[in-house]
Amino acid sequence: MKDIPKVYDPQAFEEKWYKLWEEQGAFRPAGNDNAKPYVIMMPPPNVTGALTVGHVLNNTIQDVLIRWKRMEGAPTLWLPGTDHAGIATQSVVKRHLDKQGIDIKKIGREEFLKEAWKWKEAHGGRITQQLRRLGASCDWSRERFTLDDGLSKAVEEIFRRLYNKKLVYRGQYLINWCSGCRTAVSDEEVEYQEEAGKLYYVRYPFKGTNRSVTVATTRPETILGDTAIAVHPQDDRYKDLIGATLLLPILGREIPLIADTIVDREFGTGALKVTPGCDPVDYQIGERHNLEKLSPIGTDGLMTELAGPFAGQSREECRRGIVKRLKNDGLLEKVEPLPHSVGNCYRCGTVIEPLLSEQWFVKMKPLAEMALDAYTSGSLRFVPERWGKVYMHWLENIRDWCISRQLWWGHRIPIWYCENGHSILSGGENQPCADCGSHKWRQDEDVLDTWFSSWLWPFSTLGWPERTEDLERFFPSSVLVTGPDIIFFWVARMVMASAEVEGRCPFKDVYLTGLVRDEEGRKMSKSLGNSPDPIDLIDRLGADALRFTMLMLTPQGNDILFGEKKVEVGRNFANKVWNATRLVLQNLDPACTELPETPSRHLTDRWLRSSLSRCIAESREALEAYRFNDLSRTIYEFVWHEYCDWYLEILKIRLRDKIEPEAAIATAIQGISTSLQVLHPLMPFVTEELWSYLPGDRDLLIVSPWPEVNRSDIDEAAIQEMAGLRDVVVAIRTLRSEMNVPPARVANVTIRVDSDWMKTLREQEPILKGLARIDELHLDANAIKPSHSASAVVRGMEVFVHLEGVIDLEIERKRLQKELDRVAKALESSVKKLANQDFLGKARPDVVEAARERLESLRETRSKLDRALSALED
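Residue numbers here run from 1 along each chain, matching the order of that chain's written sequence. Where local features are concerned, this predicted model is filtered to residues with pLDDT of at least 70; where side-chain atom pairs are given and counted, the filter is 80 or more; whole-chain, interface and lining totals use all residues. Neither water nor hydrogens contribute to the side-chain values; these are computed over all heavy atoms in the structure.

**Student:** Please clarify how the overall build of the chain should be interpreted in this entry.
**Tutor:** A tally of helices and strands in the chain yields 27 helices and 29 strands. Here the globule rule reads 2.2 Å times residues to the power 0.38, and the radius of gyration is calculated from C-alpha atoms. Compactness check: the chain gives a C-alpha radius of gyration of 36 Å against a globular reference of 29 Å for 874 residues, more than 25% above the reference. Along the first, second and third principal axes, the C-alpha atoms of the chain reach 110 × 75 × 55 Å. Relative accessible area decides the class of each residue, using a 1.4 Å probe on protein chains only: under 20% of the type maximum gives buried, over 50% gives exposed, and in between gives partly exposed. Burial statistics for the chain: of 874 residues in total, 54% are counted as buried. Only DSSP runs of H or I with at least four residues qualify as helices, and only runs of E with at least two residues qualify as strands; both kinds are numbered from the N terminus onward.

Set out below in structure tokens:
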């Protein structure tokens, strides 16, 4: 049996164990091929990404589940992969080439894609290597990439199916345009932020009269694209003006005054400028009234030739110029401050511009109906459940999905056009055009939205559209672990795609984690400097420490307040487990070749086995309910407080006094070996390392059985007896502390105890004396309070700690009186402060509450000091 090193050093063994697990195929599905597998599909991180604390949380939870089920004996598959991340990757590669002086416009699409693949091969594996450092036990032999040949085939096939069912179509509509990324983005990719804007009141003159109508707008630059002014048909202010002609400010173009019930009579002046080419609501009005759709803002974010004298200017420059011109022309009535939401690109932060553009779309309502049915029928469950309502609301109000992107990196749209504009699906370009006979074809320049490949992830990764063994065996998966921020981007769409092609929900449960924030509640970001590097934390403190801390901090579905200092909790716990195992094995016979098994009826052994069984049962319940903070705290409480703080201290006494020592060490070994098994999914590295030091020939811990609950081990009588014994020990320790008894000094103790507890205390007298530092113990049902003794009542017993000869009574009396005088003054000051109405009226609520808490604390301290002084009286 090897000696465990004195110092816990995770860097000495974490890499070693991960390499061994992977080499021995421990991450691959094993077990009975006919058994129901447990499957998790990793949400594919961007190929450009690096590990964040958000990734740590998400992947740790997945790893805990997969390691637990692997130990339970289920064939487990955690399938990893990365997403090609169209916009992000193209931006990264472009910057990479810019630094080399390479202009992507000059080298063209094909050369750019060659460079992008080179970059991917060189840098795209960074995050997957970092996930290995975290301990992610994925089946890396099945790792997928969304631009793999197989997944690309799946993308083309789903496009073909939806196209043939007329669920994919092309048309000119108002879409969200990012001039920073130079591409269309979906509604879900727009993030709205509250900004301090302004409301401009602009007069539009009527043609041939001196009258005008005033319109309120937050975006004066869009005036140049107005094609009408709309009012509510029942608005008495404008009824007689409907149908009249107005002159567009600055440009003088003639536009009509129309009536539409969508106009809000209460906002601004009740008159609405209509710019169908710049606003979704205006677009709807334009459709109903057959208005011209003009786009005064271009794809580059600059004003187009339709902007007249402002052509070529940025939106901001144009706004300033128009406001100045309106003032000079006497058409700007007033300007008011108005906070309002502004849409920004979730990738680059550029203000999103609604833009008329010909794009490809997916008709979503038919697909949404299937996704709704999956939830309402119970096939799909959200944890926490509140997200189910969010999911339903989005599906019930869904809009068509713009799937085309103006990029080079991604799945190119599989549509070809002949020289006369006729279109055909990929494959048909090898034949003459059926409509005109042309042999000249060109493929659509756009690529598909990245999410168009990601929504196929649950089955494309398993070989679909081929009917592979993996697809038959591992679809659908068991649970999806992801964040609520992509419930629309990804979760709902995966349900739609799976229902469409497989007729089933892709997973039973969706566990949605909270967001990781800093200790002030702010989102993690590089710009704020509050986002620590997880690899740095792993280098310094170990992967187990980081994993365990994240789990302890994560209340189900709620946000996490994370700080680097908190990782020390996990580090200290790992160190505690290390030292506990080392202590037990140091007391084991070096010649021992198997784990000892010596049944014992000793109270402390019966209690530990009961406590251990409860820990196993509660841990299983927490795992099944996805309560990961309850799981970590249950194990933490058992190992640190039940096992280390109590049983190992009792073990030392039993070995010293030879109280059934063989049974004690056997129980201690059972306690730590089972703890390592329960703890392994959470802290895989340190548990595997310690498992290797246990005597006997056994499998790796990663594939050992997760412990079963032995109901016969749960001894309620032992639990109650041990609780009473511990309460007595705690009471004595508290009295010793309050009376300033030096830790090394033993003291005599008298306990007035009735027959209910007499037997237990007599039987456990050596344990009680050792734990509470007792010299002579007197147990008497009729005991009276000894002179100069401190007392406490616990479970009907009165405990007296003799002080004479243990401390200097006079010195202690003076110390206590001095402390009591200090507390009395502080208490008087605190009472006056809280009686001051001026303080109560002006101070912040948290300050007042802190003052009240201080008052209660001072009162409690005074009571303790009074009791302590009383104990020193004759």
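**Student:** What is the right way to read the sheet that holds strand β28 (residues 789-794) from this model?
**Tutor:** Two strands in a sheet stick together by hydrogen bonds in their backbones, pointing the same way (parallel) or opposite ways (antiparallel). When DSSP finds two or more bridges between two strands, those strands count as paired. Taken in spatial order, the 4 strands of this open sheet run β27-β26-β29-β28, and their pairing is mixed. Edge positions in the open sheet fall to β27 (774-780) and β28, since each of these has one partner strand only. For this sheet, the mean inter-axis angle between neighbouring strands, taken without regard to orientation, is 20°. As defined by bridge partners, strand β26 (residues 747-752) adjoins strand β29 (residues 797-802) across 4 bridges and the pair is classed as antiparallel. Among the inter-strand pairings, Thr750 is bridged to a residue of β29, identified as Phe800. Contact between two residues is taken to exist if any of their heavy atoms lie within 4.5 Å; hydrogens are not considered. Only the stretch in contact is used when a helix axis is fitted, and all axes are lines through C-alpha atoms; the angle between N-to-C directions ranges over 0 to 180 degrees. Of the strands in this sheet, β26, β27 and β29 touch helix α23 (residues 755-763), which is tilted by about 155° from β27.

**Student:** Hey, could you run me through the nonpolar core in this one?
**Tutor:** Buried together is how nonpolar side chains tend to be arranged in soluble globular proteins. Note on terminology: a nonpolar core comprises buried Ala, Val, Leu, Ile, Met, Phe, Trp, Tyr and Cys residues joined through side-chain atoms within 4.5 Å. Residues Leu65, Phe562, Phe573, Phe628, Tyr643, Ile751 and Leu803 are the most contacted members of the largest nonpolar core, which totals 149 residues. With 15 residues, the top contributor of residues to this core is helix α19 (residues 628-656). Core analysis: the next-biggest nonpolar cluster, separate from the first, contains 62 residues, Met364, Tyr375, Ile398 and Val510 among them.

**Student:** How should the sheet that holds strand β15 (residues 381-383) be read in this particular structure?
**Tutor:** Strand order in the open sheet made by the 3 strands is β15-β23-β22, with parallel pairing throughout. The open sheet terminates on both sides in strands that have one partner only, identified here as β15 and β22 (477-482). Going across the sheet, the axis of each strand differs from the next one's by a mean of 20°, ignoring polarity.

**Student:** I'm lost on helix α9 (residues 365-376) in this one. Help?
**Tutor:** For an α-helix, the turn length of 3.6 residues means that residues three or four places apart are oriented alike. Each residue after the first adds 1.5 Å to the expected span of a helix. Look at α9: 16 Å from first C-alpha to last across 12 residues, which is about the 16 Å you get at 1.5 Å a residue. For α9, the full list of buried residues reads Leu367, Ala368, Ala371, Leu372, Ala374 and Tyr375. Down the axis of α9, the smallest arc covering the buried residues is 155°, so these residues share one side. Residues of α9 that are exposed and angled more than 90 degrees away from the buried face: Glu369 and Thr376. For α9, the secondary structure elements touched by its buried residues are β14 (353-362), β15, α10 (386-396) and α14 (487-501). Following α9 by one or two positions, Gly378 has its phi on the positive side, about 90°. Along the arc lie the directions from the helix axis toward the C-beta atoms.

**Student:** Before we go on, may I ask you to explain the pattern of salt bridges in this structure?
**Tutor:** Two side chains carrying opposite charge are able to pair once their charged atoms lie near each other. Whenever a carboxyl oxygen of Asp or Glu lies within 4 Å of a side-chain nitrogen of Lys or Arg, that contact is scored as a salt bridge. On inspection of all chains with the given rule, the structure shows 62 salt bridges. Measuring nitrogen to oxygen at the nearest pair gives 3.2 Å for the salt bridge that ties Arg325 to Asp329. Between Arg606 and Asp715 there is a salt bridge whose closest N-O contact spans 2.9 Å. Here Asp715 lies in the loop between α21 (684-691) and α22 (716-738) and Arg606 lies in helix α18 (residues 603-624), a separation of 109 residues in the sequence. Residue classification places Arg606 among the buried residues on the basis of a relative accessible area of 13%. What you see here is one network of salt bridges that share partners, running through Arg219, Glu221, Arg315, Arg319 and Glu353.

**Student:** How should the packing of aromatic side chains be read in this particular structure?
**Tutor:** Aromatic ring pairs are reported here in terms of the distance separating the ring centres and the angle at which the planes meet. Pairing of aromatic side chains requires ring centres within 6.5 Å, counting the rings of Phe and Tyr and the six-membered ring of Trp. Pairs whose planes differ by under 30 degrees are stacked, by over 60 edge-to-face, and all others tilted. On inspection of all chains with the given rule, the structure shows 37 aromatic pairs. Taken together, a centroid distance of 5.5 Å and an interplanar angle of 15° make the contact between Tyr169 and Phe361 stacked. One end of the pair, Tyr169, is in strand β5 (residues 168-178); the other, Phe361, is in strand β14, and 192 residues separate them in sequence. Residue class for Phe361 comes out buried when judged on its relative accessible area of 5%.

**Student:** Teacher, can you tell me more about the side chain of Gln443 here?
**Tutor:** In this fold, Gln443 is placed in strand β20 (residues 441-443). The buried category is assigned to Gln443, whose relative accessible area is 15%. At a separation of 3.0 Å, a polar atom in the side chain of Gln443 contacts the main-chain carbonyl oxygen of Ile413. Under this definition, polar contacts are N or O atom pairs within 3.5 Å; protein pairs additionally need one hydrogen-donor-capable and one acceptor-capable atom, and for neighbouring residues in sequence, both atoms have to be side-chain atoms.

**Student:** Can you walk me through the state of the cysteines in this structure?
**Tutor:** Think of a disulfide as a covalent bridge from one cysteine sulfur atom to another cysteine sulfur atom. Pairs of cysteine sulfur atoms within 2.5 Å are what we label disulfides. Per the stated rule, a full pass over the model turns up 0 disulfides. Cysteine Cys278 remains unbridged, with the sulfur of Cys318 as its closest cysteine sulfur at 10 Å. Under the relative-accessibility criterion, Cys278 is labelled buried at 5%. Cysteine Cys644 remains unbridged, with the sulfur of Cys615 as its closest cysteine sulfur at 12 Å.

**Student:** Can you walk me through unusual backbone geometry in this structure?
**Tutor:** Peptide bonds are trans in most cases, and residues, glycine excluded, mostly fall at negative phi. With omega at -5°, the peptide bond leading from Val383 into Pro384 counts as cis. Inspection of the secondary structure puts Pro384 in the loop between β15 and α10. The residue after Trp464, namely Pro465, is reached through a cis peptide bond having omega 15°. Within the element layout of this structure, Pro465 appears in the loop between α12 (457-460) and α13 (469-474). A positive phi angle, close to 45°, is found at Glu660, a residue other than glycine. Mapped onto the elements, Glu660 comes out in the loop between α19 and α20 (661-679). Of note, Arg773 is a non-glycine position whose phi angle comes to about 55°, a positive value. Mapped onto the fold, Arg773 is located in the loop between α24 (765-772) and β27. A relative accessible area of 35% places Arg773 in the partly exposed class.

These results come straight from atomic positions and should not be treated as a statement about function.
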